[in-house]
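Descriptive structure summary
Residue-level listing of the chains:
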Amino acid sequence: MLPYLTPPPAQLKITAVETIAPSELMGNLLLLRIHTDAGIIGHGETYYGPSAVAALIHDWMCERLLGAEALAVESHWRFFYERFGNFGIGGAEMRAISAVDLALWDILGQVCQQPIYRLLGGPVRDAVPVYNSCGNPSYGRRPGGKPGWPGYGSLGEPGPLNDSYQLFHDPVGLAQELVAEGYSGMKVWCFDRAAHRSGGMRISLDDLEEAVAPLRKVREAVGTKLELMVDGHGFFMLPAALRIADALKDIKPLWLEDILKMDNLETVADFRRQCGLPVSVSEMLLHRPHYARVLENRAADYVMVDPTWAGGISETVRIAHLAQGYNVPVTMHDCTGPLTLFAGLHVNAAVPGCCYQETVRAHIRSFYREIIDELPVISAGHAALPTRPGLGVRLHDSLFKSGTNNHRITRL
Ligand SMILES: [Mg+2]
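Quick notes on the rules
Residues numbered from 1 in each chain as written. Predicted model: local features only at pLDDT ≥ 70, side-chain atom pairs only at ≥ 80, totals over all residues. Helix = DSSP H or I, 4+ residues; strand = E, 2+ residues; numbered from the N terminus. Rg over C-alpha atoms; globule rule 2.2 N^0.38 Å. Buried ≥ 20, exposed ≤ 12 C-beta atoms within 10 Å, placed from the backbone. Domains from an automatic or database assignment. Contact = placed C-beta atoms within 7 Å. Core = buried A, V, L, I, M, F, W, Y, C linked by C-beta atoms within 7 Å. Axes fitted to C-alpha atoms, helices over the stretch in contact; angles between N-to-C directions. Parallel < 35°, antiparallel > 145°, perpendicular 65-115°, else oblique. Left-handed = near helix turned anticlockwise from the far one by under 90°. Pairing = 2+ DSSP bridges. Expected span 1.5 Å × (residues − 1). Bend = angle between axes of the 7 residues up to and from the residue.

**Some points on the overall build of the protein**
- Looking only at helices and strands, one finds 14 helices and 14 strands in the protein.
- Computed over the C-alpha atoms, the radius of gyration of the protein is 21 Å, within 12% of the 22 Å expected from 2.2 N^0.38 for a compact globule of 412 residues.
- The dimensions of the protein, computed from C-alpha atoms along their principal axes, are 65 × 45 × 40 Å.
- Expressed as a percentage of its 412 residues, the buried residues of the protein come to 53%.

**Notes on the domain arrangement of the protein**
- Its domain assignment divides the protein into domain 1 (14-114 + 395-411) and domain 2 (118-384).
- Taking the mean C-alpha position of each, domain 1 and domain 2 sit 26 Å from one another.
- With 32 residues of domain 1 at the interface, the matching set in domain 2 holds 29 residues.
- Every element with two or more residues in the side of domain 1 that touches domain 2 is listed here: β3 (41-47), α2 (73-85) and α3 (91-112).

**Re the nonpolar core**
- If you look at the biggest cluster of nonpolar residues, it comprises 129 residues, and the most contacted ones within it are Ile57 and Val303.
- With 11 residues, α3 is the single largest residue contributor to this core.
- Every residue in contact with Val303, bar those within four places of it in the chain, is listed here: Val281, Tyr291, Val294, Ile319, Ala323, Val328 and Val330.

**Section: the packing of helix α11 (residues 288-296) against helix α12 (residues 312-324)**
- Contact geometry for α11 and α12: axes closest at 10 Å, N-to-C directions at 15 degrees. With respect to their mutual orientation, α11 and α12 come out roughly parallel. Two packed elements cross with a definite hand, and for α11 against α12 that hand is right-handed. Contacts from Arg288, Tyr291, Ala292 and Leu295 of α11 reach α12 at Glu315, Arg318, Ile319, Leu322 and Ala323.

**Things to note about the pairing of strand β1 (residues 14-20)**
- Of all 7 residues making up β1, 5 are buried, and the element is well covered by its neighbours.
- Where β1 meets strand β14 (residues 408-411), 4 bridges bridge the pair, whose relative direction is antiparallel. When the sheet's bridge partners are listed, Thr19 is paired in β14 with Arg408.

**Considerations on the sheet that holds β3**
- Across the sheet, which stays open at both edges, the 4 strands sit in the order β3-β2-β1-β14 with antiparallel pairing between neighbours. Across the chains shown, the open sheet's two edge strands, defined by having one partner strand only, are β3 and β14. For this sheet, the mean inter-axis angle between neighbouring strands, taken without regard to orientation, is 15 degrees.
- Helix-sheet contacts for helix α1 (residues 50-65) involve β1, β2 (29-36), β3 and β14, and the interaxial angle to β1 is about 175 degrees.
- In this fold α3 packs onto β2 and β3, with an angle of close to 155 degrees to the strand it touches most, β3.

**Here we look at α12**
- In a regular helix each residue adds 1.5 Å, so 13 residues correspond to 18 Å; α12 covers 18 Å between its end C-alpha atoms and thus fits that length.
- Residues Gly312, Ile313, Ser314, Glu315, Thr316, Val317, Ile319, Ala320 and Ala323 constitute the buried set of α12.

**A short note on helix α8 (residues 205-222)**
- Between its first and last C-alpha, α8 extends 25 Å over 18 residues, near the 26 Å set by a 1.5 Å rise per residue.
- Where α8 bends most, the angle comes to about 35 degrees, and this point is Val212, followed within four residues by the proline Pro214.
- When we look at burial in α8, the residues that qualify are Asp207, Ala211, Pro214, Leu215 and Val218.
- Summarising the contacts, the buried residues of α8 are in contact with α5 (163-169), α6 (171-181), β5 (185-188), α7 (192-198) and β6 (227-231).
- Where α8 ends, the next residue or the one after it, Gly223, has phi of about 60 degrees, a positive value.

Here it is, written out as structure tokens:
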């Protein structure tokens, strides 16, 4: 009898763990590969604090992983969660678990010669509904590879795929373009500039009008053809958040996302009760205990999960099933890297309660091809299910060169 969380001797042995942070392509991104003695390579990813996450993976997690069974996905997940929990588990730890979890699922899928969603019990749908988040090709990518602050991305400039710029300068043209491409929804973060000016403690009527006017034009131009989601990036305190919600009522957003800071879920629940609009909560949370509190407090109409922040595919599936028990639909976050998007597609394909996948056309059609070997197929407002085994996508070998991209490799 094996002790708790100790997998049997390895049939497929992990021989090396490798990370890079390609900051010139996307600041904050960390890419990971797990090598095995059969030559199968698993691919993983997370976003934010890449050096800290890489340190956790190489300096600590590798002691468990190297020489261990690559297919023992759940055993590794729980082992790391319990060990990290002894020190107050937080964002960097969950990101490290997430990146490793993706790579282990990718290996399992390749061994079984099946896309991951089939190993999770799917498919539950033949394509995944997606919406477009209105960023731009340089959103989240600062010159010199500097990481930047969340919610402080550039508005962009005139030109193709500069959706965040176009929102304020030609909102009708933007909306008509998205409808013509088949999208059924668009997400905007039009209150960020006001938050940067005021610190989020209050919002003036002028600031409200600056942000709401483009959305009013969108609604008037395309009628019911586009859902609108509004992301506040957690910038605002309760009175300002309520004022924002009141100003948005006429444009009928599908959800308000992270208008409030997520540091007090009781206040988020209070906001939901008062605001009169659906509320999405929140990519800023980390694991099941957080989401359980959201659901128990009736703080969300939609649960938003980032699969490479909240514990990988393993934990995201569990969160999604948990939310379904409350009849709260789940939506997958993106804007943080190509494997995050693929991981979200697999969960969407496998869990009935998932309703929407975030996508950023400005990223997919500009620099994602410099990271992955095959882009997601999106048409008529839906993403095709990945077809290749595992995650269904590979990171370019050329990114993993010794001496570049903060490359680290730890071998058996
Ligand atoms: Mg968001």
